[in-house]
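Inside the fold
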Amino acid sequence: MLLAKKLVLAHFWVAFVAFLGAIVLGEWQMFVRSPLAQWVNNPEHYYRSVTAHGTVMAYVLPTLVAMGFGYAISELALKRPLLGVKWAWLGFWLVVLGTAMAAVTMAMGKASVLYTFYPPMIASPFYYFGVVLVVVGSWVWVALMSVNLHAWKKENPGQTVPLAMFGNVAGAYLWAWTSVGAAVEVIVLILPASLGWTDTINAGLARVFFSWTLHAIVYFWLMPAYIVFYTIVPRAIGGRLYSDTMGRVAFVLFLVFSMPIGIHHLFADPQVGAGFKFVHAAMTAMVSVPTLLTVFTIVASVEIAGRLRGGTGLFGWIRALPWGNPMMLAVTFSFIMLGFGGAGGIINMSYQLNETVHNTQWVTGHFHLIFAGAIVLMYFMAAYELWPQLTGSGPLPQSLIKLQVWLWFIGMMILSMPWHLVGLLGMPRRMAYYDYTHPDIQPQAWTVIASTFGGLLLVISAFILVFILARAHRTPKTAPPPFTFSLEAHPGGRTPALLNGYALWLAMMIGLTLVNYGFPIAQLASLKEASVPVIPIGSR
Amino acid sequence: MTAATPPAHAHSEAVAIAAERRWVYVVGAIIALLILMMVVTGLHWASMPPSRVETVDVKTLHLKGEFVENNLGTTLGTDGKVTVRLIAQQYAFMPQCIVVPAEMPVTFRGTATDAIHGFVVGTTNANTMLIPGFVATFTTTFKKTGEQLMPCHEYCGTGHEAMWAKVQVLPPQEFLARARSGERLSCVAS
């Protein structure tokens, strides 16, 4: 049952059209910084492009996918019409308006502060208002997911919340609290400076607030992907979900451990002391637990599929897997990228090892592999799964989907692996240009060319995605088969009450955040000398 | 359904739970080992990220105190400690070329006058952020002699990509011979 078809389609379409624009910008950036191109006359164009690419990829795409997918899950998993459809449309239009406002400001060159904002550099207030509208629009979604879950619970007292909805609402609560950090940074520190009410800003404090959002947002991004892993992958490849409980444990652990870890982004910063840096490093180690649990559970679920198809022995089940199935390919590629990216992540979070790679091209490689690689690939699969329901298109062209998935995987590996390598050699990130005539940099030039080529494959893959989705609207309408989520391998087990609600986990989330951020924030806010003059960006 | 659960099914569920539990233990052990490694290397090698919260007034930075122009560069203290002081601003480091010894601990003290900057020295672990209003301090030892690049690694405005400095790592004897005079060392071509 999917009634809010237009609502879900609107979210996905705006997300993917913005994504298409941003990926073209990304490829342009790789091309102009490579030795293949004469450098653009105005390096500001490069940073303008980075700001747009990052803002769309980090805020617009994942937020809209999480919202659209969330509305679909609410109806499909709870089997009742979505409450508050009008509010949902309001949230959608706020996100669209905010995106447009930020986009125009960026295009005019009045917001080249990159998507991480970088005070004391200050952009036009319209850019920040745009970002705030995107976030406020998404808060409408958070509220609606909570309202819909509670309405269902009232109708079904004592029942176990379906796993897909459980993860979906966990993602919504995670986002609500995650976004508070950047919201405080923008509203309390940046906007007053941007509007000209103050002419100084505490740049160190702003970075600490941003770090609150900066790492937890990654777990908000990955929630939709994990929901696909647990509740769609096993069904799509003909297997069973190994453990429903493990899915719930993973989702609530993300709630608890996502937030109090952001200071690991500030290891090399002077405004936070060693003690809190260590605490955040240890917490970051803990947040790898839900992913390690997920890897086990999903691989076990895939193994069930292989054995149901007649695979035997220690490795025989791997050969028996449905390798011609796009979802099988996608989950395999996603896990390979998650493996490399996760190993890199453990290096980044390590209190000491981070010094080698901090702010080098390694970091760019790391998060492209994890987010654009492992997670966004599963966004595509979510769209492919929903599309026949949304458009009545009948089955989508499987071989074209496979080609798209292959290109995304190969492109992402070619893009991000050279970045890891040159990051270790000390190549800085966020550079509009490298001087390839310098004897120390010349040997690294090939890596930038390789990444440009990888990026080209990604652009082709993105266009195939949009082509497949657009063409589905034009096929003759057929009634879609009922949508199902994965079955459990051992159904009927009792779900502990603690894993059927969020109270304890939300309390831990908020408590740990306050413990891990309270002191650094209070200390920094009280430092007078930390306020420094603002630097307006773009002529005003 | 529960009444009809075949014994084989119940058995496989027990196996599944046991396997799952073993994996949880393995994961717990991995995490514990990682944290232990951080503690041991932190305490035993004193290997830590910059650890002090120290402020400085950007408005008077050039006029008085540690970061006035004639105090920037490398000095050999009377206690034999090597200190490098530097400033980052759009779009250059001061000094643009830094001389340090190999195989001796070198303490960097740096800050920024305007935007956020940062640097990494070649393939070494010398890597820090320079935030206006704060002094970044860290100590490192260079293993190899020779010249290394030192780019600004944090976006600081439209001229960011042109902001590079150099670090010359000298053999300790040569460095000490040059530094004994008590003067500040730098390798900026004059």
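Rules of the game
- Residues numbered from 1 in each chain as written.
- Chains lettered and ligands numbered in written order.
- Predicted model: local features only at pLDDT ≥ 70, side-chain atom pairs only at ≥ 80, totals over all residues.
- Heavy atoms only, no water.
- UniProt positions renumbered as here; feature names shortened; annotations may be inferred.
- Core = buried A, V, L, I, M, F, W, Y, C linked by side-chain atoms within 4.5 Å.
- Buried < 20%, exposed > 50% of the residue type's maximum accessible area, 1.4 Å probe, protein only.
- Domains from an automatic or database assignment.
- Disulfide = S-S within 2.5 Å.
- Helix = DSSP H or I, 4+ residues; strand = E, 2+ residues; numbered from the N terminus.
- Phe/Tyr/Trp six-rings, centres within 6.5 Å; stacked < 30°, edge-to-face > 60°.
- Lys NZ or Arg CZ within 6 Å of the ring centre and 35° of its normal.

Looking at an unreviewed UniProt entry, one finds chain B named Cytochrome C oxidase subunit II and attributed to Caldimonas brevitalea. Under Subcellular location (unreviewed entry), UniProt gives the following word-for-word description of chain B: "Periplasm".

In terms of nonpolar packing, the biggest core is built from 258 residues, with Phe19, Tyr71, Tyr127, Tyr128, Trp141 and Trp387 of chain A together with Phe93 of chain B touching the most fellow members. Taken together, domain 1 (1–49) and domain 2 (69–179) of chain B each give at least three residues to this core, which thus spans both. Among the nonpolar cores identified, the runner-up in size contains six residues, and Val56, Leu61, Phe67 and Ile87 of chain B belong to it.

With that settled, the discussion passes to the state of the cysteines. Residues and elements named next belong to chain B. The final tally for this structure, using the stated rule, is one disulfide over all chains. Disulfide pairing is shown between Cys97 and Cys187; the S-S distance is 1.9 Å. Looking along the S-S bond of the Cys97-Cys187 disulfide, the torsion reads about -90°, which is the left-handed sense. Taken as a pair, Cys97 in strand S4 (residues 97–101) and Cys187 in the segment after helix H2 (172–179) lie far apart in primary sequence, 90 residues in all. A single burial state applies to Cys97 and to Cys187, both of which are buried. Here Cys152 is not disulfide-linked; the sulfur of Cys156 is the nearest cysteine sulfur, at 3.9 Å.

The subject of this paragraph is the domain arrangement of chain B. The domain architecture assigned to chain B consists of domain 1 (1–49) and domain 2 (69–179). Centre-to-centre separation of domain 1 of chain B and domain 2 of chain B, based on C-alpha positions: 44 Å.

All right, on to the UniProt feature "transmembrane region" (unreviewed entry) in chain B then. In the UniProt entry, the feature "transmembrane region" (unreviewed entry) is given for residues 23–46 of chain B. Overall, residues 23–46 of chain B shows 92% helix and 0% strand. The separation of its end C-alpha atoms is 33 Å.

This part is about the packing of aromatic side chains. Here the structure, examined in full by the defined rule, presents 46 aromatic pairs over all chains. Judged by centre distance (5.3 Å) and plane angle (55°), the rings of Trp177 of chain A and Trp212 of chain A are tilted. Pair noted here: Trp177 of chain A is in helix H5 (residues 163–194) and Trp212 of chain A is in helix H6 (residues 203–231), with a separation of 35 residues, a long-range link. Centroid distance Phe108 of chain B to Phe142 of chain B: 6.2 Å. Interplanar angle 65°. Geometry classified as edge-to-face. Highlighted residues: Phe108 of chain B in strand S5 (residues 105–112) and Phe142 of chain B in the loop between strand S8 (136–141) and strand S9 (146–151), separated in sequence by 34 residues. Like Phe142 of chain B, Phe108 of chain B is buried. These aromatic residues form a ring-pair network of at least three members: Phe12, Trp13, Phe16, Phe19, Phe380, Trp387 and Trp408 of chain A. Against the face of Phe166 of chain A rests Arg248 of chain A, its NZ or CZ located 5.2 Å from the ring centre.

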